[in-house]
Amino acid sequence: MLKLDVQVPQIEIIENYEVKQAMKLPELFLKEFDGSAREWLSFRNTFVKIHEEPKLNDHTKFVYLNQATVSKSKARNIVESFLATVDSKAIEHLKNRLGREDILIQVYVRDLLHLVLKNNNNRGKEFNISSLYDRLEINLRSLESLGVTEDKYTSILFPLVESCLPYDVLRIWEREWEKLNSGKNELKSILEFLKNEVLSEE
């Protein structure tokens, strides 16, 4: 894991104009990227802070980029194919090869389909609704960051999410949905329902 050589300023807690205590934030680490499409968004959202830092020159950014990839991985091979002064081109090529939005959307939709199949295969077995809710939230947030928003794609995403529910939970949801106004967004409503179910179990 790459340790970022960033000076983290101390935070002073001031009360009645007197310094009572000083805290030093922990060192920052950047998770290495191995080229997996599923890990691209996390890597991009973290590394963009380095890539867009105006105080760093291209060579330094390139060094960080190289060190932020797993040795001998597809991502490292792509980065090392560039000169050490073209960080922006290396990032763009990584995006075009490993971070294509159409591929990422397929990855997260397949994850939802996997949850549907898992639900069908586990009928009658003990079920963890908290784990399901967390997985759904992760996938839907990732899709939203790629432009697949709830408002535009509810008709596609809602049946997938509903099909992930085990039979007992599905029956409860259907009763709850009948009580709600028909004008409400189905996807938002079912996620709110699952959230409440999770909170009631904790």
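Structure first, text after, so check above.
What this report covers is the structure whose coordinates are included nearby. These numbers come from a predicted model, not from an experiment. (Residues numbered from 1 in each chain as written. Predicted model: local features only at pLDDT ≥ 70, side-chain atom pairs only at ≥ 80, totals over all residues. Heavy atoms only, no water.)

**A few points about the overall build of the chain**
What the chain contains, in helices and strands, is nine helices and four strands. Secondary structure elements of the chain occur, N-terminal to C-terminal, as β-β-β-β-α-α-α-α-α-α-α-α-α. Looking at the chain as a whole, 33% of its 202 residues are labelled buried. (Helix = DSSP H or I, 4+ residues; strand = E, 2+ residues; numbered from the N terminus. Buried < 20%, exposed > 50% of the residue type's maximum accessible area, 1.4 Å probe, protein only.)

**Some words on the packing of aromatic side chains**
The tally for this structure, following the rule as stated, stands at seven aromatic pairs. Taking 4.8 Å as the distance between ring centres and 15 degrees as the angle between the ring planes, the aromatic pair formed by phenylalanine 33 and phenylalanine 43 counts as stacked. Placement of the pair is phenylalanine 33 in the loop between β4 (29-30) and α1 (37-51) and phenylalanine 43 in helix α1, with a sequence separation of ten residues. Overall, the relative accessible area of 1% leaves phenylalanine 33 in the buried class. (Phe/Tyr/Trp six-rings, centres within 6.5 Å; stacked < 30°, edge-to-face > 60°.)

**Digging into the pattern of salt bridges**
Under the definition given, this model contains five salt bridges. With a shortest N-O distance of 3.9 Å, glutamate 80 and arginine 76 are connected by a salt bridge. Taken together, the residues span about one helical turn, with glutamate 80 and arginine 76 both in helix α3 (residues 74-80) at a distance of four residues. Overall, glutamate 80 belongs to the partly exposed group, its relative accessible area being 48%. By relative accessible area, which is 14% here, arginine 76 ends up buried. Note that glutamate 137 and arginine 141 form a salt bridge whose closest N and O atoms lie 3.1 Å from each other. Here glutamate 137 and its partner arginine 141 are both found in helix α6 (residues 129-145), four residues apart, which amounts to about one turn of the helix. Salt bridges linked by common partners bring Arg38, Asp111 and Arg135 together as one network. (Salt bridge = Lys/Arg side-chain N within 4 Å of Asp/Glu carboxyl O.)

**Examining unusual backbone geometry**
Positive phi, close to 65 degrees, is recorded for lysine 72, a residue that is not glycine. Inspection of the secondary structure puts lysine 72 in the loop between α2 (58-67) and α3.

**A look at the environment of isoleucine 190**
Within the fold, isoleucine 190 resides in helix α9 (residues 186-201). As a C-alpha pair, isoleucine 190 and phenylalanine 158 span 32 residues in sequence and 8.1 Å in three-dimensional space. Among residues more than four places away in sequence, those in contact with isoleucine 190 are Phe158, Val161, Glu162, Leu165 and Trp173. (Contact = heavy atoms within 4.5 Å.)

**Some remarks on the side chain of serine 142**
Here serine 142 lies in helix α6. The buried category is assigned to serine 142, whose relative accessible area is 12%.

**Quick notes on the environment of asparagine 120**
Mapping asparagine 120 onto the fold places it in helix α5 (residues 101-121). The partly exposed category is assigned to asparagine 120, whose relative accessible area is 37%. Sequence separation between asparagine 120 and tyrosine 167 is 47 residues; the distance between their C-alpha atoms is 9.5 Å.

**Digging into the environment of alanine 90**
Summarising the element assignment, alanine 90 is placed in helix α4 (residues 87-98). Given a relative accessible area of 0%, alanine 90 falls into the buried group. Put simply, alanine 90 and asparagine 66 are 24 residues apart on the chain and 9.6 Å apart in space, counted from C-alpha to C-alpha. Setting aside residues up to four positions removed in sequence, alanine 90 forms contacts with Phe62, Leu65 and Phe82.

**A short note on the packing of helix α8 (residues 167-179) against α9**
Contact geometry of α8 with α9 gives a least axis separation of 11 Å together with a crossing angle of 125 degrees. When the axes of α8 and α9 are compared, the pair comes out oblique. In this structure, α8 meets α9 at a crossing whose hand is right-handed. Note on element contacts: α9 touches α8 through Glu186, Ser189, Ile190, Phe193, Leu194 and Glu197, opposite Val169, Ile172, Trp173, Glu176 and Trp177. Looking at side-chain class alone, the contact of α8 with α9 contains seven nonpolar, one polar and three charged residues. (Axes fitted to C-alpha atoms, helices over the stretch in contact; angles between N-to-C directions. Parallel < 35°, antiparallel > 145°, perpendicular 65-115°, else oblique. Left-handed = near helix turned anticlockwise from the far one by under 90°. Nonpolar A, V, L, I, M, F, W, Y, C, P; charged D, E, K, R; others polar.)

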